[in-house]
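# Structural features, examined
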Amino acid sequence: MIWLITVFVVVAALFGGWAWLIAPQMDKKPDFGHLTGFDYAHRGLHRLEDGVPENCITGFRLAEESGYGMEFDLQLTKDKKVVVHHDATLERSCGEDAAIADLTYGELRRYRLFGTGERIPLFSEVLGALKGRTPLIIELKSYNDPAELCELAMKELDGYKGPYCVESFDPRIVAWFRKNRPEIVRGQLMCRYKKGDEGLGAFEAFCATHMLTNFHTRPNFEAYDIHTRDIPSMGLSKGLMGMQEVSWTVRTEEEYLKAKSLGSLVIFEEIRP
């Protein structure tokens, strides 16, 4: 009998510890209502065949005009300007082997996105081009000092009247918002990592995959790759603790219907929901 009790106590402790590690914010949660009811265009409503590349002002305007929210990425230039661009370098988008963090914004303006006439925009230009009618999912990249990027981005956002939330793969960034701007809805981006991805060791990759950094960030939503989201931690955090899921990146009608059936908010491209 004693060994059964011991086993039960050990199992209960392990389960409780796991649940504590992956839990979302449970009290004093910011209002999520302004973000629901929308689908989100991944890096804007882009279609390169029509001359509209990802993460450009035209694509963001089109998303808003079409009634979609939008997702986009922030990072810093050498002279500390907040710009909207996904990759750390210009190789894929502009055919130039140069890091954005090594260029001033004046130097960056010389480049065009994917052979179009569109430039890499300042974050302030994107906010100024929008009317605030649909919500933004703003991803902060980890190419720069996390605290500096967060602080400079918030200087721009504090004057913006439309709805938005923030997210990042980097737990340090999500934790910054937990500590410094708890009134803002924050999300932890996740996917299935393996050793070596993003420079992670085996243990770090395991923690990132299974949401084990949530004890540090206490996110309001988990943005997980829809192709790898079937993990026990997601089921527990949603089913037992009410975690909101955001699914990325949805590219087919089948994936869209799956995400909706899961109760997820959807970040999409290549389709028009």
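Preceding this section is the structure that the text describes.
For every chain, the first residue of the written sequence is number 1, and numbering continues from 1 onward in sequence order. Given that this is a predicted model, residues contribute local features only at a pLDDT of at least 70 and side-chain atom pairs are listed and counted only at 80 or more, while totals for whole chains, interfaces and linings are drawn from all residues. In computing side-chain values, all of the structure's heavy atoms are included and hydrogens and water are not.

### With respect to the overall build of the protein chain
Each helix is a run of DSSP H or I of at least 4 residues and each strand a run of E of at least 2, with the numbering of both proceeding from the N terminus. Counting secondary structure elements, the protein chain contains 11 helices and 11 strands. A compact globule built from 273 residues would reach a C-alpha radius of gyration of about 19 Å, and the protein chain, at 20 Å, matches this within 12%. For every residue, the accessible area (1.4 Å probe, protein chains only) is compared with the maximum for its type, and the residue is labelled buried under 20%, exposed over 50%, or partly exposed between those bounds. Going through the 273 residues of the protein chain one by one, you find that 54% of them count as buried. Residue pairs in contact within the protein chain that sit at least 24 positions apart in sequence constitute 60% of those at least 6 positions apart. Here the protein chain displays about 13000 Å² of accessible surface, and carbon together with sulfur accounts for 56% of that area. The distance from the centre of the 33 positive side-chain charges to the centre of the 40 negative ones in the protein chain is 4 Å. The globule rule used for comparison is 2.2 Å times the number of residues to the exponent 0.38, while the radius of gyration itself is calculated over C-alpha atoms. Here, two residues are considered to be in contact whenever any of their heavy atoms come within 4.5 Å of each other. Surface accessibility in these figures is a Shrake-Rupley result with a 1.4 Å probe; residues are shielded only by whichever protein chains are displayed. Charge assignment: positive for Lys and Arg, negative for Asp and Glu; neither His nor the chain ends contribute. Taken as the charge centre is NZ of Lys, CZ of Arg, CG of Asp or CD of Glu, depending on the residue.

### Looking at the packing of aromatic side chains
Two rings from Phe, Tyr or Trp (for Trp, the six-membered ring) form a pair when their centres are within 6.5 Å of each other. A pair whose planes differ by under 30 degrees is stacked, one over 60 is edge-to-face, and the rest are tilted. A complete count under the given rule lists 8 aromatic pairs for this structure. Taken together, the aromatic side chains of Phe 60, Phe 72 and Phe 123 make up a single cluster linked through ring pairs. A cation over a ring is seen here: Arg 218 above Trp 20, with NZ or CZ 5.2 Å from the ring centre. The rule is short: NZ of Lys or CZ of Arg within 6 Å of the ring centre and within 35 degrees of the ring normal puts a charge over the ring.

### Some remarks on helix 7 (residues 171-180)
For helix 7, the full list of buried residues reads Ile 173, Val 174, Ala 175, Trp 176 and Phe 177. Where the residues of helix 7 are buried, they touch strand 6 (136-140), helix 6 (146-157), strand 7 (164-168), strand 8 (186-190) and helix 9 (214-217).

### Quick notes on the nonpolar core
Residues grouped as a nonpolar core are buried Ala, Val, Leu, Ile, Met, Phe, Trp, Tyr and Cys residues, joined through side-chain atoms within 4.5 Å. Within the largest apolar cluster, 40 residues are counted, with the highest numbers of intra-cluster contacts made by Phe 72, Leu 74, Phe 123, Leu 136, Ile 138, Leu 140 and Phe 177. Take this core: its biggest share by element is 6 residues, from helix 6. Excluding anything up to four places from it in sequence, Phe 72 contacts Asn 55, Phe 60, Val 84, Phe 123, Val 126, Leu 136, Ile 137, Ile 138 and Glu 139. Phe 32, Ile 137, Tyr 193 and Ala 205 belong to the second-largest nonpolar core, a separate cluster that totals 30 residues.

### Quick word on the side chain of Ser 233
Residue position: Ser 233 is located in helix 10 (residues 232-239). In protein, a polar contact means a hydrogen-donor-capable atom and an acceptor-capable atom, both N or O and within 3.5 Å, with residues adjacent in sequence counting only if both atoms are side-chain atoms; elsewhere, any N or O pair within 3.5 Å suffices. There is a polar contact of 2.9 Å between the side chain of Ser 233 and the backbone oxygen of His 210. The residues contacting Ser 233, other than those within four sequence positions of it, are Trp 18, Ile 22, His 210 and Met 211.

### What to know about helix 11 (residues 253-261)
Taken together, the buried positions of helix 11 are occupied by Glu 255, Tyr 256 and Ala 259. Relative to the axis of helix 11, the buried residues are bounded by an arc of 100° and lie together on one face. Residues Glu 254, Leu 257 and Ser 261 are exposed on helix 11 and point more than 90 degrees away from its buried face. Its buried side turned inward, helix 11 meets strand 1 (39-42), strand 10 (244-250) and strand 11 (265-268). What the arc describes is the spread of directions from the helix axis to the C-beta atoms.

### Side note on unusual backbone geometry
In this structure, Glu 198 takes a positive phi of about 55° despite not being glycine. Of note, Glu 198 is situated in the loop between strand 8 and helix 8 (202-209). Even without a glycine there, the phi angle at Glu 270 is positive, about 70°. On the secondary structure map, Glu 270 appears in the segment after strand 11.

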